[in-house]
Structure formats: structure tokens, C-alpha cells
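# Summary of structural features
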Amino acid sequence: MSLVEFKNVYKRYKMGEVVINAVDGISFKIEQGEFAIVVGASGAGKTTVLNILGGMDNCTEGEIIVRGKDISKFSDKQLIEYRRFDIGFVFQFYNLVHNLTAKENVELAAQICKNPLDSEKAIESVGLLDRKDNFPAQLSGGEQQRVSIARALAKRPGLLLCDEPTGALDYNTGRQILKLLQDTCKKEKMTVVLITHNSAITPMADHVIEMKSGKIVRDIFNENPKSVYEIEW
Amino acid sequence: MTKSLLKNTFREIKNTKARFISIMAIIALGVGFFAGIKATVPSMYNLAENYYKEQNLMDYRLVSTVGFDEDDIKAVANTEGVSSVMPSYFCDAQTTAESGGNVVRLISVPEKYGDNSELNTLVLKEGRLPEKPNEILVEHDSISGTKYNVGDKITFSKEAGDKDLSEQLVCLEYTVVGTANSPLYISYQRGTTSIGNGKISEFMYVNQKNFKTERYTELYVKADFSENCSAFSDAYEENSESLAETLETTANAQCEVFDKDVIQKAKNELGDSKTKYNDEKTKAEKQLSDAKDKIESSQKEFDEKIADAQSELDNAKAKIDSGKTELESSKNEYYSKISSAEAEISKKETQLKNAETEYEKSKSDFDSQIISAQEEIDSGRAEYETAYNEYKSTQEPQLLAGIEQAQTAVDSLKAAIAAETNPDVQAVLNAQLEQAQQTLDNLNSQYSQALSKLEESKAKLDSAQAELDAKKAEGQAQLDSALAQIESGKTALENGKAELETQKTEGYNKLVEAENTLNTAQSQYDDGVKELEKQKTDGQQKLDDAQKEYDKEKSKADEKFAEAEEEINDAQKELDKLSSPEWYVFTRNDNPGYSTFSQNADRLDAVASVFPVFFLLVAVLVCVTTMTRLIEEKRTEIGTLKALGYSNISIITKFVIYALIAAILGSVIGTVLGVCSLPFIIYNAYKILFYIGDITLVLNIPSIVLGIAAAVLCTTVVSIVVCMRSLAHKPAEAMRPKAPKPGKRILLEYITPLWKRFSFTAKLTARNLFRYKSRLCMTVIGVAGCTALIVAAFGLLNSFDPLTKDQFETIYKYDAVIVPKEGGTEKELSYLTSEVKNKDNVSRFMLASQQEATVEFKDQIKDESTYLTVVQNPDELDTIISLHTRKGKEELTLTDDGVLINEKLSEEFGIKVGNTIRISGEFGDSEAKVCGIFEQYLHNYIYMTPTLYSSLFGKNPSYNMLDVKLEDNSQTAQESFSSEVLTDNRIAAVSFIATSLEEFKNMLNSLNLVVLVMIICAAALAFVVLYNLTNINIAERVREIATFKVLGFNNRETSSFIYKENIVLTLLGIAVGLVLGIFLTSFIVQTVEVDNIMFGREIYPTSFIYAAGFTLLFSLLVNAVMSFKIKAVNMVESLKSVE
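Residues numbered from 1 in each chain as written. Chains lettered and ligands numbered in written order. Predicted model: local features only at pLDDT ≥ 70, side-chain atom pairs only at ≥ 80, totals over all residues.

Moving on to the overall build of chain A. Regarding its fold elements, chain A presents 6 helices and 10 strands. Buried positions account for 52% of the 233 residues belonging to chain A. (Helix = DSSP H or I, 4+ residues; strand = E, 2+ residues; numbered from the N terminus. Buried ≥ 20, exposed ≤ 12 C-beta atoms within 10 Å, placed from the backbone.)

What follows deals with the sheet that holds strand S8 (residues 191-196) of chain A. Residues and elements named next belong to chain A. Within the open sheet, the 6 strands sit side by side as S6-S7-S8-S3-S9-S10. Their pairing is mixed. A strand with exactly one partner marks an edge of an open sheet, and here the two such strands are strand S6 (87-90) and strand S10 (215-221). The average undirected angle you get between the axes of adjacent strands in this sheet is 15 degrees. As judged from the 5 bridges shared by strand S3 (residues 35-40) and S8, these two strands associate in the parallel manner. Of the residues in S8, the one forming a bridge with Ile 37 is Leu 194. Packing of helix H5 (residues 141-154) onto the sheet brings it into contact with S6 and strand S7 (159-163), and relative to S6 it is tilted by some 175 degrees. (Pairing = 2+ DSSP bridges. Axes fitted to C-alpha atoms, helices over the stretch in contact; angles between N-to-C directions. Contact = placed C-beta atoms within 7 Å.)

On to the environment of Asn 207 of chain B, then. Residues and elements named next belong to chain B. The topology assignment puts Asn 207 in the loop between strand S11 (202-206) and strand S12 (216-223). We classify Asn 207 as buried; it has 21 C-beta atoms within 10 Å. Taking the C-alpha atoms as reference points, Asn 207 and Lys 132, separated by 75 residues in sequence, lie 7.0 Å from one another. Discounting chain neighbours no more than four positions away, the residues touching Asn 207 are Ser 108, Val 109, Pro 130, Glu 131, Pro 133 and Glu 135.

Attention shifts here to the interface of chain A and chain B. Quoted interface sizes are often the accessible area lost when the parts come together. Counting from both sides, the interface comprises 23 residues of chain A and, opposite them, 22 residues of chain B. If you list the elements that add at least two residues to the side of chain A that touches chain B, you get helix H2 (76-85) and helix H3 (102-110) of chain A. A per-class count over the side of chain A that touches chain B returns 13 nonpolar, 5 polar and 5 charged. (Nonpolar A, V, L, I, M, F, W, Y, C, P; charged D, E, K, R; others polar.)

This part takes up the pairing of strand S4 (residues 103-108) of chain B. Residues and elements named next belong to chain B. Of all 6 residues in S4, 5 are buried; the element is thus mostly enclosed. Bridge count between strand S3 (residues 90-94) and S4: 5 bridges; the pairing is antiparallel. What sits directly across from Ala 93, in S4, is Val 104.

Bringing helix H5 (residues 234-419) of chain B into the picture now. All names here are of chain B. Compared with the 278 Å implied by 1.5 Å per residue over 186 residues, the 224 Å span of H5 between its first and last C-alpha is markedly short. Along H5, the sharpest change in direction is near 45 degrees and occurs at Tyr 391. Buried within H5 are the following residues: Tyr 236, Leu 243, Leu 247, Thr 250, Ala 251, Gln 254, Phe 258, Ile 263, Ile 377, Val 410 and Leu 413. (Expected span 1.5 Å × (residues − 1). Bend = angle between axes of the 7 residues up to and from the residue.)

This part covers the sheet that holds strand S21 (residues 924-934) of chain B. Residues and elements named next belong to chain B. The sheet built from 11 strands is open, its strands ordered S17-S16-S20-S21-S19-S22-S18-S15-S23-S14-S24 with mixed pairing. Here the strands that pair on one side only, and so sit at the sheet edges, are strand S17 (860-862) and strand S24 (987-992). The average angle at which neighbouring strand axes cross in this sheet is 30 degrees, direction not considered. Pairing of strand S19 (residues 899-902) with strand S22 (residues 940-944) involves 2 bridges; the strand directions are antiparallel. Counted as the bridge partner of Leu 900 is Tyr 943 from S22.

What follows is about the packing of helix H14 (residues 773-811) of chain B against helix H22 (residues 1051-1088) of chain B. Residues and elements named next belong to chain B. Close contact between H14 and H22 brings their axes to 6 Å; oriented N to C, the two are set at 40 degrees. Viewed along their axes, H14 and H22 adopt a mutual orientation that is oblique. The crossing of H14 and H22 is right-handed. Its residues placed into classes, the contact of H14 with H22 shows 18 nonpolar, 11 polar and no charged. (Parallel < 35°, antiparallel > 145°, perpendicular 65-115°, else oblique. Left-handed = near helix turned anticlockwise from the far one by under 90°.)

So, in C-alpha cells, the structure goes:
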């Protein structure tokens, strides 16, 4: 059984008289340990898919089965539990708590989990051990994103969701982050779902889902995913 | 400013309703409070002014020591500036015990005088004005507790101080025909008097005709200026002062006239009568002294005579006494001699007797000896006779026969021998011869021996007989001589006895003779004494008669003179009274109600100036944080507008308009609410003090404008300043998101052990607290303000508490006060004490003297509601009234060293223990040291011992009340006690503490409303501040909140991040507020406090607990409301883009 399965999922927004289908009846599956990339232009509905998958948003119609449970039927409370124990999030703008140091940001996530990774180790795994006591404002964008990843990893989530993690970063830093994510996926056997508008990085994924106007236009598997450094964009 | 920008502004308001409303609310609160209280003061003034105008209150009240006549009135009326004059009468009287024993000021009902208008018009509440002499009008809002109804009877006692009331009034018994309020008495103060306890407790009006007095006692004057000047205004004060001076001049002139017309004449008359009196007195005195001299000289003579006689008698007596002594000693001597002689005689007698006995004894001994010796001799003779006879009869023949035989034998033998010539037979014959010879010899010797033996015995007997005879003769001789001696002794004794007898008789006779002589002398002396006594009595009688006569004459003369003198003195007194005719010009300021009213209004004004400042400060803070947030949120917009080419001014205008609308709306709402509610609520509390009708609102436009202007200005300036800061950035910079405030390590983190123990929320809270300092300030100030207000509200309630609890339960231990009609010394009031002592229900009592006093200390003078109290028995005072310090409750003892004063008085004047104050009054004028300051809430009291009183004022205190403590102080027991005591017509009144306490409680209840207003304000303040703060806090940290949510924190956990901060700030604010509350309470209490009442200074712990609890409750309520807002934060929206 797949780790994640979207079955005919819709997300509709009502703007006055007009109904917009942000997600328009999509179905796909993601397997355990996959590195999946959802790619598409702005407004293709990929962030909505990720939000729904992450339990931050509800779908209007359809089923989302995660580990055999339909999260679309979850109550708010169940969704909180789901986010707490199953999901790790990495945002485009990192969303670190400015008042906490790098390590404390990681601990913040770790403290509410059942079996968290040691915070120091998580920081170490993203290569920021020497900066662990710095506040976010004292870190560069790439470093902040790494803290953000460490925060997500510390929870040992079943699913790591990344929303344009490189969007605010320069090319090289972006590559480093992607490398970190790819390595994490391979080493930790972590399922990673990444959203990007940049189709150039799709070769590094095991599974590429391309969206356009709320619909899946392509759903392919790379037999031989490339290393990040083999890709140029 | 373009249309679109304006549209944008209104949209902004619509989108940020909560923020807009909070700015508006805080401004409404501040401005409303300010405008409301500020409106109260002029409304109060206006009320009083209108009242005075309607009732045509006088501007001056003139009182003279000699009263006024028509000429005086004319003179006053003609003084420039005077518009009308109304003469009037008043006198102070005391109602009888049945009518309550209150001191009443009786005033004549205002009446027009000629063309002059009526002044001080009464506000008739019930019934009608008195028309007949026995009708009376009483006060409507009585403060004394005696409430009369129309139809009630009031009787005044005839004595009013040292005056006779019936000389002043036509009637002493009245029927109440109506009730009214007088503009002269708008407050609880009624002034003082010289009768009763010195304190007027109510006023009453009677018809003018009811006064017997010839001259008017007071003049009410209305000035021209008072039409145009409003009461209490500065212009009024100035005019009032200047006209007062003019009136003084008139007064002096009139005094001179009086002096000339009345006084000089009286003086002359008095002089004449004085001279006459003195002449007569001298004459009479001379006569009397002559008589006295005569009496004295005869007395002297008489005394001398008596003394001579007495001395003679004394001499005689001395002689008699010495004779008596001598006689006594001779007697003693006589008796002792006799007794010694008698003793000797008896001794000799005994001796003789002994000698006789001895003689008898020796004689009998001697006789018996002789007899026994004779017997012995006789028996020896008989023995000899027997032996001789025997010898003669038997032995001698035998012997002789033997001898003859032997001789024959011998001779035969001799012849044989001679016969015989044979030798041998010869030899044997010889031997036989020899033997026979020997036998013959033996027998011969035996014979001769026996013979000699007999011869010897015979000789012996004969010598013995001879010896005995000699002895007998000698013994007889001896005995005879002894007998002779005894005989002579006996004779001598007899002689002695006879002699003694003679001597005895002789001596006795002598003694009797001496005694007789003495007795005669004694009786002579006694006669002399009797004689003298008689002479003495007679002489004295005569003298006494003379003295009596003299005394009679003298007392007659004295009486006459005393009468004359009294007449002269009366005349002198009368003259003295007249001789310093003085007019007193009193202005409205001297009317206690008038000045109290303005003082109270001014105090209120002071409060009005403090609160709004505080609210305004909070308003500014709220405005700062809100506007800052608003502008920061609109940072990009500002950048964009700038980039589009809008000028800074038009951009600022948007925010200024936002603030302005909030400020103006808030001000208007606040003003309307404040002005429409506060004056009425506050005046409602003041109504317990003043009865001049209900308040009508008078808008205090300047204050309203000031309040609104302040609010508008503050908010506008704040928004401009905040905007300018934002506009300083270049457009590009402004369009970029503002770098979030960097996290910073706080000091606390360096205390690693502590910091390590902190949870994340705690760490976050700690850092956040210090991150947003303005928010910290605002919350702390807002919450502190809320807490302080509540503390003050409850503190104010607490401060009323001691007035009832401590004053009437702890300090006043007595239950009732009995007021005698006339004060006096302990002895004079003994009827009272003994009567009370006999009552079963009375446990303790003490006499006290209470008099109005004026206190001076360092140029400060207090002459209102201050009493000098002297207690009869200072050692037992603590059982009646407990004088102790407020702090520490240390019992103070009243000593002769100085006085004890109450705390309010000491506070007002800054008097400390050890200071010296000047006390004056009807009783005199002196200085005393302050020895202690005691807890007291009602009126001002000075306590001193009777000893100190008399040493200070040179007289004993006149006790005028008796404090009584009852065993059973139930209502019924009190009533029966009262009615029992009042049966004695020397007692004027009985009043009970319980009644006063009840009145007081009622009075204070109306203040509860004020407290409620304060608590509502506090709540409003807390809500506005906390709501606004939390609202902004959430808005600012919506991303953070969303992040927490995404990370899987549940709502409770997420909220707690915000709440912890709020709670910490609230707690901090509460702590500050509790401290602030203490100061605020003390400020309000001291400002609100009226002159003769001290409010409690203690805030109970419960008040702090309430304040903290309420504030916490408000804060939790705000948090509860906010939790919905946190719940509603949308993760997707919030995290979608950069701010």
C-alpha cells in the first residue's frame, strides 16, 4: 500500500459568484521513501495540494489516505495530532521563531513529539552545529532554511513536506539545500514531497508530478534519479 | 489628499475595527472622566448660586454687641453700595428634656423692612409660615436626629445659659406649623453658641413679634454688586471685601453715636450713684467701727479681771496641792514607822516565847536527869544493903567458921608437929600445916576482901549521892537565873508595847489634824472657782449681747450696701456692655455652609485634575502601540504610495485622520457619557451634606474643549511621530518587509541554572517581554491603573469603616450621654451621679466637660468642630472612652503634664507630640503641651485632666455631660433608661451612641455609588488596555502562531504562548498597581475628607485581594475572548506570503 494516496481530490474556493477549482480532481500515490517533486507554474494548485497533504487545509471533496487513514475526514484535533507526529514542514520563508536560537527552534518541534531526534544531532545533520546558539536574524537564508529542515527532521516525521525550499535562496545555497534533502531522503529513508516551480530540478526526484490549473498533467517516475550536483539550472 | 486615499482611510477603519474602538474607548474613558468631573464642579456652583439668588441670600450679616435701632438701620441702608437691609432677631434656646434638650437657634421669619426686599427667603417644604406667636417653623432636613412633624409641640426651657428666655421671647411653648430649609444653613453646620453644650443643633423660625427685645439683634444686608456677580466668583469676593470695609466705617460711626447718646449719660448717672453710695458707706462704717471698738475694750477689761482671779485661784490651788502632797508623805512615814515598831515588838515577843520554851525544856530535862540519877543511886544503895545483908547473914558466919576450923586445924597440926618428933611425920605435918595455914590465909583474905568490897560500894554510893546533890543544886541555880532573865525580858516588852501605843495615837492625831486643815482649804478654793465661773459667764453674756447687737447692725448695713453695690454693679455691667459697642460684619464666607460648599467643590476639582491625566497617559500609550502597529502593517503600502509619488504629508494625513476620527469620536462619546452621568452620581454623594435641591447640568465648555483637545492632540502627535519614522525610509526599503525584530539574549539567560529550567514558552515569554518594551509599559501602566483604581475604590470603602466601627465600638465605649440642664462641679452634679449609680443597668459612668474651643498653632487657627473635653476621672477614662494611637493601638494616659489631641487635628496643623498649642474659648485662653495623639474620626477633641484645666484657666471645669455605659444596651433597655432618667427635671437630654451610629451609616451608604463608578472605570480601563494589547500582540505574531500550529501545537498550547506574556504583564501590573493604589487611596481619601471627619487611613488586606482578583479576572476574560481569535488564525493564509 502506498504511503500517500490522493483519490479524486478537489479544492474549491468561492469568490462571490465564481467557483474556482484550485485543485481539480487529482489522484496520485506516493510510496514510502520516495523523493517526490510536485512541479508547476504559479497558481497551478501545487501549494494547495501540499497544504492539504500537511493537514493545514481541508479538501472540498475526495479522499486522502495517509498510512491507511483518510485525513480528509479528520477532525481539527486529529489534524493537530497528525501534524504533530506525522508531518515535517519546510517553508519557503523558513518561518523560524525569531526569538529562539537555532537549537531552540529545533527543540521547539522536538519537545512535542513522542520520539524525537536529538536536537543537537538534527542540527549537526544539517551542518550547523557551530551556529546552534545563533538567533535566526544572525543566520543567512540558507542557514535559516537548514535550521528549518533540522526542525522538521527532529520530529522524525513520516512525511517531509517542503514548499519551495529554495525559492528565497541563491543558486548555490539552493543546491546545497536540495542536496541535504536528497541525502536525508536516501539516508534516512524519509519520504519527501517537494514543491517547486522550477522543472529543472525534477531529474533529482524519484517521482515527478506536474500540475497545471489544478490538474495533474504528468505523473512520472525517474528510474535513475540524478544527484543534485549533476543538475544545472 | 485624494479621494481614493480617503476611501482607503475609511476602509482601514473598517478593517481594524477592534483597534479603532480601543483607541476610541480609552479616549472616551479619559475625556469622559475629565469632562464629567469638571462639569460637576460648575454644576454644583451653579446650583448653589441659583439657590442663593432665588432665596435672596444676604451678602452681609451684621451683629452688634448692643443690638441695632432704627437709626442704625437707616445708616446702614444709606451706606453706598447697600441695596437693602433686613433687620432680624435671633436668640439661642434649649428645648426642654421632653422636647429633646437640643440647642436651637431661634430666628425671626424674614420680613420686608419698609421698601427693602426680603432676604434669606425660606424654602417652605411643608405647612406654612408661623403667624401667631406660639407657632414655629422647624428645619426640614434636620441633622440633629430630632424630626418634628407639623402639629408637634416644642417647649423651650426657661433658662438659656445665664439668661432668662422668657425675657426675650413672648412664648416658650410652640406648635410646629411648617418645615422649611434656610439659605443660611445649607450644610450640616449650625454654628456655635454660649449656651448648653455650645453647639447649635438646629434652627427654627418664629414670628418677629415674638421677640421682646427692643433692639434688633442682627441686620442682613444685600449689596448692589451681588446682582451682577455670581456667588463664589472672584469678583464677588473682591466686591464683598471692599463693601465690608465701607460697612465697618458705618459701624464705627454708629458706635460713636451710641457711645455719645447712651453710654456717656449712663456713665454720669452711675458716677453720681457711686459717690452717694461711697459716702453713706463710709459713714455707716465709722459708726460700726466705734461700736466695735467699745465692745472690744470691754472685752479686754473683762478678760483681764478674769485672768487675775484665775491666777489667785491657781495659787491657792497650788498650795493645796503641795499640802496634799506633804500630808500624803507624812502619812506614809507614820504608817511605815508604826509598822516597823510593831514588827520589832512582835519579833521580841517571839524571842521571849522561844526563851521560855527553851527554859521549860531545859528544866524538865534537868529534873528528869536528877530523878534518874537519884533512882540509880537508890538502886545502888538497895543493892548494897542486899549484898551487905547477905554477907552478914551467910558469908560472914561461913567465913568465920572456916577461919576457926582452919585455925583449929593449924593449931592442932602445930601441936601435932610440936608433938611428933619423927622428922618424916614432922615434914608431912609441916606440909599439912602449911596447907592449912594457906587455907586459913585465903579465907582471911577472902573475908577482908569482901569486907573492903562492901566498904568500897558504900563509899561509892555516898560520893555519887554527894555529886548528885551538888549537881542538883547547881542546875537549880542555873534554871533560876534563866527564869529571872525571861521575866525581865517580859517586863521590857510590856513597856515597849505601851510606848508604841502612845506614839501611835499621838501620830494619828497629828495627821487627822493636818487633813482637816487641807480640806478646809480645798472647800474654800472650790468656792472661789465657782464664784469665778459665775462671774465669767455673766460678763461674757453681757459682752456677747453687745456683739450680737453689733453683728445685727453690721449685717443690716452690709445687706444694704450689697444691695446698693449690686445695683451699681448692674449698672456698671450694663454700661460695660455698652461701653464697648462693637459691630461685627460677617460676609458670606463666614457662613459655614457657604464656605464648606465651595471647599468641597474645590476638592472635587482637585480629584478631577488627577484621574483624567492618568487616563490620558494610558490613552497616549494605547494610541502609540496601535498606531505603530497600524503603520508597520501598512509599511508596504506607505512604500508603494511613496513610490507612486504621494507626498509624505498626504500619506501621513491618512493615519492622522484615522487617529483623529478615533479621538474625536471617543472624546464626544466620553464627554456625553461623562457629563450626563458623573455630576449626578457625585452630587448624589454630596447630597448628604447639602440640601439645596437637585443639581442641574452646567456644561464646563472650557474643560470639555481642553479634554477633547488634549486627547486629539496626543493621538495626532503620536500618529505623526510614528508615521514620520516610517516615512524616513526610502520607498524601496519601505516596500520590503521590515526585518523582524531580531531575537536577543536577555540578562536572565546568563543565569544558566535558572534559564535551563525554563520551558520553551517561558523562555519565549521572557524574551518577548523584553522585546516589546512599549507594550510592556502600556500593559503595566494600564493594569496597574486598573488595580490602583480598584484598590482606591475599596480603600475608600475601608476608610469609611472606622467611622462606624472603630469610632462607635472601639473608641466610644459608653452607650449614652446625659446632659444636665446646668453644668457644674462634681458636687453640684452629685444628684446626677448618685441617680445613675443606683440604676441596675448602668455599669460605668463619668462626668465630662465639653466646650467649643479654638486651637491655634503656628498662625493656624481652628475654631470649628473642635471641643475641649475635661474628664472627671482620667484614670478610669479608658473604660468610657479609649484614647489610643491609631498605629499600634497604644493606650494613651491622660496626665497633668499636657493635653491629648486627635489625629486629624494634628495632621491638619502638623502638630507633633511635644508641641505647644494655644487653646481658647469661653473658658479662657492658655497654652498647653501636646502629650499624645489619639485615634478619633469624628470632630476634633482636646482632652485634659481637671487638674490641668484648673491650673491653665484658673477655675474648676464645669461638667456638662455624663457618659454612661450600660450593662444592657438593647433598644428597649435604652428607651427605658432614657425615660427613667428624664423624669428628673434637672436633666436636659439623654442621647445614645447607637442613634448616631445609625445616622452615620445611612449617610455613608450613598457613597457606595461612587465606589461602583470607580470599579466600572477600572474594569473599562483594564479591558481596553488588555484587549488592545493582546489584539496587537496576536496581529504581530500571527506568523509565529501559524508556525506553532503547523508544527502541531494544539490551540491551548499556542494560546499559552500569548497568555503567559499577558499573565506575567498583568501580574507585574497588579504588583505596581497595589503600591500605586496605596498612594491613590490616600490622595482620594484626604481630598474627599471633610473638615471635621477623619476617614480611616487603613486599606484592608481584603481590598488588595479584591483589587488583584478583579484585575486578574478582567485579564482572564480578555484572554478568553482572545483565544477565539487565536483559534481563528489561518495557517495557510498567514504563512502564504511575507508580511
